Amino acid sequence: MQDPNKDTEWNDILRKKGILPPKENLEEQERAKEEEQLAILQKSLVKTYEDMTLEELEENEDEFNEEDEKAIEMYRQQRLAEMKAAQMKNKFGEVLEISGKDYVQEVTKAGKGIWVVLHLYKQGIPLCALINQHMSGLARKFRDVKFIKAISTTCIPNYPDKNLPTIFVYLEGDIKAQFIGPLVFGGMNLTRDELEWKISESGAIKTDLEENPRKQIQDQLMSSIRACVPARGESDSEDD
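Residues numbered from 1 in each chain as written. Predicted model: local features only at pLDDT ≥ 70, side-chain atom pairs only at ≥ 80, totals over all residues. Heavy atoms only, no water.

1. A short note on the overall build of the chain
Alright, step 1. Secondary structure assignment for the chain yields eleven helices and five strands.
Alright, step 2. Within the chain, the proportion of its 240 residues that are buried is 30%.
Alright, step 3. Restricting the contact set of the chain to residue pairs at least 6 apart, pairs at least 24 apart contribute 59%.
Alright, step 4. When the accessible surface of the chain is summed, it comes to about 16,400 Å², and 50% of that surface belongs to carbon and sulfur atoms. (Helix = DSSP H or I, 4+ residues; strand = E, 2+ residues; numbered from the N terminus. Buried < 20%, exposed > 50% of the residue type's maximum accessible area, 1.4 Å probe, protein only. Contact = heavy atoms within 4.5 Å. Areas by Shrake-Rupley, 256 points an atom, 1.4 Å probe, with all protein chains shown as cover.)

Structure (structure tokens):
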């Protein structure tokens, strides 16, 4: 079959008769087809290196041209940033025990953007033991936050027991919140959700709780009180 793109007398006759499209249209169609094939090839190549690990990209870097290398470098930086973010998100996960000599390193120099929750406690105080237990659960849930605990007098000499438990919340060495003494925590009825909510109000953690759990208890308590107290009208009628 004769090539319709060739400059022949027969093809010229066919073009004049409208049987073949003008040569300009054919060239445009060919260019469009080539561009489409090139785009498909580039898309396939992008998908290939997107599926590669960083090690595989380094092994195959000789196979890419200059434009590909620019795109790959951007992709590599994106992957490294994602890996770093994932590592930061899962950096901690448990409560670290420290003493006074560790304070500067573990709190003041914790790092940029690192929240630190420090619990000062003493053995033999039940509420301190309860908070340590709750903090272990919170540390597993919020792995990007540094939860630490220390016997109070090892960090602050002569720190009074009446102030225990004490929780300090830091960001980059600055105190953002402090909770001092048993009354702040509501005593031995403190739940882990209540402690989570309290710490979240400092900004250290992003809780998935929709409202303060303590409010639910307070609302239930007020409802019970109202149910037990007679209305004023009933009280007056009984006096008559």
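After that view of the structure, there is still more to cover.
2. Remarks on the packing of aromatic side chains
Alright, step 1. Applying the stated rule across the entire model yields three aromatic pairs.
Alright, step 2. Here the aromatic cluster, defined as three or more aromatic residues joined through ring pairs, consists of Tyr 103, Phe 168 and Tyr 170. (Phe/Tyr/Trp six-rings, centres within 6.5 Å; stacked < 30°, edge-to-face > 60°.)

3. Side note on the nonpolar core
Proteins that are soluble and globular tend to have nonpolar side chains buried together.
Alright, step 1. By size, the foremost hydrophobic cluster in this structure holds 23 residues, and its most contacted members are Val 117, Ile 131, Phe 147, Ile 167, Phe 185, Leu 195 and Ile 199.
Alright, step 2. Those residues in contact with Phe 147 that lie beyond four places of it in its chain are Glu 94, Val 95, Leu 96, Val 117, Met 135, Leu 138, Ala 139, Phe 142, Ile 199 and Ile 205. (Core = buried A, V, L, I, M, F, W, Y, C linked by side-chain atoms within 4.5 Å.)

4. Regarding the environment of Val 116
Alright, step 1. Note on placement: Val 116 falls in strand E2 (residues 115-121).
Alright, step 2. Residue classification places Val 116 among the buried positions, given a relative accessible area of 1%.
Alright, step 3. Once the C-alpha coordinates of Val 116 and Lys 176 are considered, the two residues, 60 residues apart in sequence, prove to be 9.8 Å apart.
Alright, step 4. Residues within four places of Val 116 in sequence aside, it is in contact with Glu 106, Val 107, Ala 110, Lys 146, Ile 148, Phe 168, Val 169 and Tyr 170.

5. A few points about the pairing of E2
Alright, step 1. With seven of seven residues buried, E2 is to be regarded as a mostly interior element.
Alright, step 2. By the alternation rule, side chains of E2 split into Trp 115, Val 117, His 119 and Tyr 121 and Val 116, Leu 118 and Leu 120, which are all buried.
Alright, step 3. As paired strands, E2 and strand E4 (residues 166-171) are joined by six bridges and run antiparallel to one another. Across the sheet, the residue bridging to Leu 120 is Thr 166, located in E4.
Alright, step 4. Of the strand pairs in this sheet, E2 and strand E3 (residues 146-151) are connected by six bridges, and their pairing is parallel. Opposite His 119, over in E3, you have Lys 149 as the bridge partner. (Pairing = 2+ DSSP bridges.)

6. Comments concerning the pattern of salt bridges
Alright, step 1. Evaluation of the coordinates by the stated rule reveals six salt bridges.
Alright, step 2. Between Lys 141 and Glu 196 there is a salt bridge, with the nearest N and O atoms lying 3.1 Å from each other. With Lys 141 in helix H6 (residues 126-141) and Glu 196 in helix H9 (residues 192-200), this pair connects stretches of sequence that are 55 residues apart.
Alright, step 3. On the basis of relative accessible area, Glu 196 is assigned to the buried category, the value being 0%.
Alright, step 4. By sharing partners, the salt bridges in this structure join Lys 141, Glu 196 and Asp 208 into a single network. (Salt bridge = Lys/Arg side-chain N within 4 Å of Asp/Glu carboxyl O.)

7. Structural notes on the pairing of E3
Alright, step 1. As paired elements, strand E1 (residues 96-97) and E3 share two bridges and run parallel to each other. By the bridge assignment, Leu 96 is partnered in E3 with Ile 148.
Alright, step 2. Handedness of the crossover joining E2 and E3 through H6: right-handed. (Right-handed = clockwise from strand over helix to strand, strands pointing away.)

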